[in-house]
Amino acid sequence: MATEVSHSWSLSYKGMTSDNIKGLVLALSSSVFIGASFIVKKKGLKKAGASGIRAGVGGFSYLYEPLWWVGMTTMIVGEIANFAAYAFAPAILVTPLGALSIIIRHGRNAVLADVILKEKLHIFGILGCVLCVVGSITIVLHAPPEGEIESVKEVWDLATEPGFLLYAALVLTAVFIIIFRYIPQYGQTHIMVYIGVCSLVGSLSVMSVKALGIALKLTLSGMNQLIYPQTWAFAAVVITCVITQMNYLNKALDTFNTAVVSPIYYVMFTSLTILASVIMFKDWDRQNATQIVTEMCGFVTILSGTFLLHKTKDMVDGMCTSPSMRNSKHMDEENGFGQEGIPLKRQDSL
């Protein structure tokens, strides 16, 4: 019986391919750089907002703040590593590893959010970090192998199938409705408005980034893909989506607390990206039911960890802070003092 169980398990898990390992290393490196960049950019936004018009209300004074550019440079390095990771590994493997950047931003062991932004973590926040790591490991061990693609034309064919075209149309419709209908009215009070735009557009950008990464990987291996117009079409989509994401992510970070923005953005972005990847690249067609269920369990574990990280924003020494305590502590932060609780919004945007 034990032999049969072992044989059945070995059929469902064949180990990580060399491409998946390369993608894993690049994704982990990306998480380190991107996690650090959020903290530095947030600090730059605060400094810029103190002397000019804040990004949350339409200002661009942060463009003149050197600290913001340091954070942006760090993010670019992380995004390049992330870009390369998608060329080697499926989105189901790469995207959930973004949870590690949340740990870097808010984990007490990394102390970046604690020291630089004075955003403290409760013990349950540390537990949330552990859950994120466990869930990430589960997904890594059961991620599907990358499909064999010989030309960017094959990716274009996948992107123009009816299923993905329908998904893209729904995403674009939702984005335009949110931007023109809801942001003017609810942008400063509802965190899901800005994050919704970032996440929806992000799911399309990841698919285009993966297509462009595959094209560059094939080009470097001797099969020039730059001669095809599809490569440049994917590049145009990437540029458009990244600019849109950067704009609305800056607004979200400037209006709401980093400890609230990061987990919610991660959950929405990752969920939509996995959905888009399953529709476009048909990742689950190369897996059996056991592997798919295990991946989903790993993803739910990560979601549980991000939920705990989010809930710790109002906890101090094992107790939830009252509204008056949160206001008092946040006023101290705005006056230059440290804070123990983490309020939902910046005081000057209330």
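First, a word on what this report is: a plain description of the structure on this page. This is a predicted model, so every value here is computed, not measured.

1. Some points on the overall build of the chain
Then comes step 1: Looking only at helices and strands, one finds 14 helices and two strands in the chain.
Then comes step 2: Within the chain, buried positions represent 51% of all 350 residues.
Then comes step 3: Contacts in the chain between residues at least 24 apart in sequence constitute 80% of all its contacts with a sequence separation of at least 6.
Then comes step 4: Of the roughly 15,900 Å² of accessible surface on the chain, 70% is carried by carbon and sulfur atoms.

2. Re the nonpolar core
Then comes step 1: Grouped together as the largest cluster of nonpolar side chains are 67 residues, with contacts concentrated most on Val 155, Phe 164, Ile 183, Val 197, Met 207 and Val 261.
Then comes step 2: Take this core: its biggest share by element is 17 residues, from helix α10 (residues 191–220).
Then comes step 3: If we ignore the near neighbours within four places in the chain, the residues touching Val 261 are Ile 191, Ile 195, Leu 249, Ala 252, Leu 253 and Phe 256.
Then comes step 4: Counting residues in hydrophobic clusters, the runner-up holds nine residues, among them Ile 139, Tyr 266, Ile 274 and Phe 299.

3. Section: the layout of surface pockets
Then comes step 1: Volume-wise, the largest pocket comes out at about 860 Å³.
Then comes step 2: For the largest pocket, the lining is made up of 33 residues, of which Ile 34, Met 75, Glu 79, Asn 82 and Gln 245 are closest to its centre.
Then comes step 3: Among the elements that take part in the lining of the largest pocket, helix α3 (residues 66–88) stands out by supplying eight residues, more than any other.
Then comes step 4: In this structure, the second largest pocket encloses a volume near 430 Å³.
Then comes step 5: Lining of the second largest pocket is provided by 23 residues; of these, Leu 172, Leu 204, Ser 208, Val 237 and Cys 241 occupy positions nearest its centre.
Then comes step 6: Ranked by residues supplied to the lining of the second largest pocket, first place goes to helix α9 (residues 162–186) with nine residues.
Then comes step 7: Class assignment for the residues of the lining of the second largest pocket results in 19 nonpolar, four polar and no charged.

4. Considering a negative patch on the surface
Then comes step 1: There is a patch of like negative charges on the surface, built from Glu 148, Glu 150, Glu 154 and Asp 157.
Then comes step 2: Looking at where Glu 150 falls in the secondary structure, it is placed in the loop between α7 (123–141) and α8 (152–159).

5. Concerning the packing of aromatic side chains
Then comes step 1: Evaluation of the coordinates by the stated rule reveals seven aromatic pairs.
Then comes step 2: Here the aromatic rings of Trp 68 and Trp 69 are separated by 4.9 Å at their centres, their planes lie at 85°, and the arrangement is edge-to-face.
Then comes step 3: Judged by relative accessible area, Trp 68 falls into the buried class, the value being 1%.
Then comes step 4: On the accessibility criterion, Trp 69 (41% relative accessible area) is partly exposed.
Then comes step 5: Ring centres 5.5 Å apart and planes at 70° place the aromatic pair Trp 156 and Phe 234 in the edge-to-face group. Taken together, the residues span a long stretch of sequence, with Trp 156 in helix α8 and Phe 234 in helix α11 (residues 229–255) at a distance of 78 residues.
Then comes step 6: Its relative accessible area of 32% is what places Trp 156 among the partly exposed residues.
Then comes step 7: Here the guanidinium or amino end of Arg 181 rests over the ring plane of Tyr 182, the centre of that ring lying 5.3 Å away.
Then comes step 8: The side chain of Lys 210 reaches across the aromatic face of Phe 281, ending 5.5 Å from its centre.

6. Some remarks on the packing of α9 against α10
Then comes step 1: Contact geometry for α9 and α10: axes closest at 9 Å, N-to-C directions at 155°. Relative to α10, the element α9 lies roughly antiparallel. As α9 runs across α10, the sense of the crossing is left-handed. Together, Phe 164, Tyr 167, Ala 168, Val 171, Leu 172, Ala 174, Val 175, Ile 178, Ile 179, Tyr 182, Ile 183 and Tyr 186 of α9 and Val 193, Tyr 194, Val 197, Leu 200, Val 201, Ser 203, Leu 204 and Met 207 of α10 make up the contact between the two elements.
Then comes step 2: Class assignment of the residues belonging to the contact of α9 with α10 gives a composition of 19 nonpolar, one polar and no charged.

Thresholds applied
- Residues numbered from 1 in each chain as written.
- Predicted model: local features only at pLDDT ≥ 70, side-chain atom pairs only at ≥ 80, totals over all residues.
- Heavy atoms only, no water.
- Helix = DSSP H or I, 4+ residues; strand = E, 2+ residues; numbered from the N terminus.
- Buried < 20%, exposed > 50% of the residue type's maximum accessible area, 1.4 Å probe, protein only.
- Contact = heavy atoms within 4.5 Å.
- Areas by Shrake-Rupley, 256 points an atom, 1.4 Å probe, with all protein chains shown as cover.
- Core = buried A, V, L, I, M, F, W, Y, C linked by side-chain atoms within 4.5 Å.
- 1 Å grid on protein atoms, 1.4 Å probe; cavity = no way out; pocket = protein on both sides within 12 Å on 5 of 7 lines; lining within 4 Å.
- Points joined across faces, edges and corners; volume = space filled by probe spheres on them.
- Nonpolar A, V, L, I, M, F, W, Y, C, P; charged D, E, K, R; others polar.
- Patch = residues over 30% accessible without salt bridge, like charges linked within 9 Å, V, L, I, M, F, W, Y side chains within 5 Å.
- Salt bridge = Lys/Arg side-chain N within 4 Å of Asp/Glu carboxyl O.
- Lys, Arg positive; Asp, Glu negative; His and termini not counted.
- Charge placed at Lys NZ, Arg CZ, Asp CG, Glu CD.
- Phe/Tyr/Trp six-rings, centres within 6.5 Å; stacked < 30°, edge-to-face > 60°.
- Lys NZ or Arg CZ within 6 Å of the ring centre and 35° of its normal.
- Axes fitted to C-alpha atoms, helices over the stretch in contact; angles between N-to-C directions.
- Parallel < 35°, antiparallel > 145°, perpendicular 65-115°, else oblique.
- Left-handed = near helix turned anticlockwise from the far one by under 90°.

It is worth stressing that arrangement in space is one thing and function is another; only the former is reported here.
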